[in-house]
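# Summary of structural features
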Amino acid sequence: MNRPKTMTRSRFAEGAVEWLIRASAFSAIVGLFLIFIFIGKEALPILTSPDVRKEANISKLFLPQDQAHPYSWQPVSEIPKYSILPLFVGTLKMTLVAVLFAIPLALGAALFTSEFSPGWLKEFIKPIIELLAGIPSVVLGFFALMVMASYVQELFGIVYRLNAINAGIALGLAVIPIVYTVADDALTSVPKSYREASMAMGASPWQTAWRVVFPAALPGILAACVLGFGRAIGETMIVLMASGNAAIMSWNLAKPARSLSATIAAELGEVVVGSAHYHVLFFIGISLFIFTFVLNMFAHWFVARLQKKVLGTI
Amino acid sequence: MTGQKGLQIEELSIRADGRDLLRSVSLEVRPGEILGIIGPAGSGKTTLLRCLNRLADLDEGLRISGRVFLNGASILGRDADVVGIRRKIGLVFPVPTPLPLSIFDNLAFGPRIGGITAVEELRRMMESSLKSAYLWEEVNDRLNEPAANLSGGQQQRLCLARTLMLEPEILLLDEPCSGLDPISTAQIEEALKVLRKDMAIVLVTNNVKQASRVADKTAFLLLGELVEFAPTRELFTTPRDKRTEDYITGRFG
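Cut-offs and rules
Residues numbered from 1 in each chain as written. Chains lettered and ligands numbered in written order. Predicted model: local features only at pLDDT ≥ 70, side-chain atom pairs only at ≥ 80, totals over all residues. Heavy atoms only, no water. Helix = DSSP H or I, 4+ residues; strand = E, 2+ residues; numbered from the N terminus. Rg over C-alpha atoms; globule rule 2.2 N^0.38 Å. Buried < 20%, exposed > 50% of the residue type's maximum accessible area, 1.4 Å probe, protein only. Contact = heavy atoms within 4.5 Å. Areas by Shrake-Rupley, 256 points an atom, 1.4 Å probe, with all protein chains shown as cover. Lys, Arg positive; Asp, Glu negative; His and termini not counted. Charge placed at Lys NZ, Arg CZ, Asp CG, Glu CD. Domains from an automatic or database assignment. Buried area = accessible area lost by both parts, 1.4 Å probe. Salt bridge = Lys/Arg side-chain N within 4 Å of Asp/Glu carboxyl O. Polar contact = N/O pair within 3.5 Å; in protein donor to acceptor, adjacent residues only side chain to side chain. Pairing = 2+ DSSP bridges. Patch = residues over 30% accessible without salt bridge, like charges linked within 9 Å, V, L, I, M, F, W, Y side chains within 5 Å. Disulfide = S-S within 2.5 Å. Core = buried A, V, L, I, M, F, W, Y, C linked by side-chain atoms within 4.5 Å.

Bringing the overall build of chain A into the picture now. Looking only at helices and strands, chain A features 14 helices and 2 strands. Against the 2.2 N^0.38 benchmark of 20 Å for 314 residues, chain A shows a C-alpha radius of gyration of 24 Å, more extended than a compact globule. The C-alpha extent of chain A, read off along each of the three principal axes, is 75 × 70 × 40 Å. Evaluated residue by residue, chain A yields a buried proportion of 43% over its 314 residues. Taking contacts inside chain A between residues at least 6 apart in sequence as the whole, the part at least 24 apart equals 69%. Carbon and sulfur atoms form 71% of the exposed surface of chain A, whose accessible area is close to 17000 Å². On chain A, the mean spot of the 23 positive side-chain charges and the mean spot of the 17 negative ones are 8 Å from each other.

Below, the discussion takes up the domain arrangement of chain A. All names here are of chain A. When its domains are assigned, chain A resolves into domain 1 (2-43) and domain 2 (62-311). A C-alpha centroid distance of 33 Å is found between domain 1 and domain 2. With 8 residues of domain 1 at the contact, the number on the domain 2 side is 9 residues. For the pair domain 1 and domain 2, the summed buried surface comes to about 750 Å²; carbon and sulfur atoms form 81% of the total. Interface area lost by domain 1 to domain 2 is led by Phe-36, Ile-39 and Glu-42, which between them contribute 61%.

Turning next to the interface of chain B and chain A. On the chain A side, the residues contacting the 23 residues of chain B number 20 residues. For the pair chain B and chain A, the two sides together bury roughly 1900 Å², of which 66% comes from carbon and sulfur. Ranking the residues of chain B by area buried against chain A places Pro-100, Phe-109 and Ile-113 of chain B at the top, with a combined share of 31%. At the boundary of chain B with chain A, the tally comes to 1 salt bridge. For the pair chain B and chain A, the number of links is 2 residue pairs in polar contact (both at pLDDT 80 or more).

Looking now at helix α9 (residues 192-200) of chain A. A large share of α9 of chain A lies buried, amounting to 7 of its 9 residues. Of the residues trailing α9 of chain A, Gly-202 of chain A is marked for its positive phi of about 90°.

Turning to the pairing of strand β1 (residues 7-16) of chain B, a few remarks are in order. Residue and element names in this part refer to chain B. Counting buried positions along β1 yields 8 of 10 residues, so the element is predominantly enclosed. Two strands pair when backbone bridges link them, and β1 and strand β2 (residues 19-29) are joined in this way by 7 bridges, in the antiparallel orientation. Looking across to β2, one finds that Ile-14 is bridged to Leu-22. Counting the residues that bridge the hairpin from β1 to β2 gives 2 residues, and of these Asp-17 lies at a positive phi of roughly 50°. Pairing analysis gives 8 bridges linking β1 to strand β4 (residues 62-70), with the strands arranged antiparallel. Along β4, the bridge assignment pairs Leu-7 with Leu-70.

With that settled, consider a nonpolar patch on the surface. All names here are of chain A. A cluster of nonpolar side chains, namely Phe-26, Ile-29, Val-30, Phe-33, Leu-34, Phe-36, Ile-37, Ile-290 and Val-294, defines an oily patch on the protein surface of about 860 Å² accessible area. When contributions to the nonpolar patch are tallied by element, the ones reaching two or more residues are α1 (2-43) and α14 (276-311). Considering each element in turn, the nonpolar patch owes the most residues, 7 residues, to α1. Tracing the sequence through the fold places Phe-33 in helix α1. Given a relative accessible area of 53%, Phe-33 falls into the exposed group.

All names here are of chain B. Summed over all chains, the structure comprises 0 disulfides over all chains. Cys-159 carries a free sulfur, and the closest cysteine sulfur to it, the one in Cys-177, is 12 Å from it. With a relative accessible area of 3%, Cys-159 lands in the buried category.

Bringing the nonpolar core into the picture now. With 89 residues, the main nonpolar core has Leu-27, Ile-37 and Leu-48 of chain B as its most contacted residues. With 15 residues, the top contributor of residues to this core is helix α8 (residues 164-188) of chain A. Those residues in contact with Ile-37 of chain B that sit more than four places away from it in its chain are Leu-27, Lys-45, Leu-48, Val-202, Leu-203, Val-204, Thr-205, Ala-219 and Leu-221 of chain B. By size, the runner-up hydrophobic cluster in this structure holds 35 residues, among which are Ile-34, Met-126, Leu-158 and Ala-161 of chain B.

Our focus in this paragraph is the pattern of salt bridges. Per the counting criterion, the structure on display carries 29 salt bridges over all chains. Close ionic contact of Lys-126 of chain A with Asp-185 of chain A constitutes a salt bridge, the shortest N to O distance being 3.8 Å. Of this pair, Lys-126 of chain A sits in helix α6 (residues 119-133) while Asp-185 of chain A is found in helix α8, placing the two residues 59 residues apart along the sequence. For Lys-126 of chain A, a relative accessible area of 18% corresponds to the buried category. Taking the relative accessible area as the measure of exposure, Asp-185 of chain A reaches 44% and is therefore partly exposed. A salt bridge links Asp-59 of chain B to Arg-50 of chain B, with the nearest nitrogen and oxygen atoms 3.0 Å apart. You can call Asp-59 of chain B partly exposed: its relative accessible area is 24%. Residues joined by salt bridges that share partners form a network here, namely Lys-122, Lys-126, Glu-130, Asp-184 and Asp-185 of chain A.

Following this line, the structure appears as structure tokens:
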């Protein structure tokens, strides 16, 4: 008599658990959607409100203004100037340095630990690189500001102590563990049979790693790079501390730079709610959001296409 | 010993973790012959093959003693040319292992590693390898498709053709038909009978009947021990050891 009762109870528990995990899966999507709505709502007056548009509109944000200083970010001057192009340039050039510095290092390390190092050495290297991910970015930023900047300045013979190269390298330190971890997983999960088949045909370990394992892991490796890129473009604290924060319209890496994210962090705390400046900061936020979103979508599509090409039509 | 053609295995023993995987096995196969190796699972058949083309180097903790000669030259030494040995002694695995590349690139992989890159030459080699593996008719018009699109039986014949691209002197096959249907199995067996003319073949198989169908000589391995090694007809009609008789008549294993 007892048996059917426990059965129903366990079935009920089963249903409840399933509902719970389904809810947690969808909560991320709901959260993302709400963030988008909220930021979008606060950014919208740039396009719609006449009062705000008088001070800041799309053409003022993106097009050159006066002859002497066509692109200026001076939101709190007598006549506020809201050109966000220098911020885009700053973000992109620091991200570029970070990615160029971090990706080769991280991929090299992943290739080494997955293909060449003996097991004990991998057990030594992998946790240490992953420990790097655990360092708070404010600590990395502090290190870059107080210690690294002097060495970078001397090494490259740069006039300004804080500059895009310094911030980019510090940013790279935050990117390395992400790219490394994902790339190492991708390489390690390449079936052993590929390696053995390649070796059995007389390929050396390096030829096997480069011609067989690396291409087979390419979708995962690209995903690793995109994740690293996303981290670099959105990272705030490191660039806020290590870049010098001058909004300069210049691709010169030796000059200071100001990023989109650091601008939001530095200015949102003191801005007048509802002012043009306030809405511009949210507009910057939604631009970053859309930029990384589109980048991720494109990477997803590209990786899926690549996977299909590598593994055949399934 | 020197000057002798084919593969000579002398008193080969392999230990791992204090366990004997192979105990003093001596075998021989010459060009023009197929050596069948039969035995129940865990007898050391695969370990033996992996040792013969030095793929066992990848397995940690194996202790190998004894001697193996290819055309009279030792292949087990530390200073032996491992890459060269693997090209002369080809190995086909029990499950198809196409690389995630096109059919063409799978076949061209070995020659390209060896420095042959001219497409014309690769195509010529491909045609003869694929014909030898009875696959030419099925794939000659779709060489640029991913190898993963082929059926299991086609993939295994592709792996055979891929090994033949290296023009090996010894061909090792590790249960090449274990996952295949009877038609694919028959095609591979046909291929082996023809290939025997140009090379020595070692065929490890779980299928006793397959050994009796294609092998010239058969060896019976049991728990790392070579129980019996004789011409196939002799081993199957008048086995000298009781355990061989029990195994080939299906009384155990």
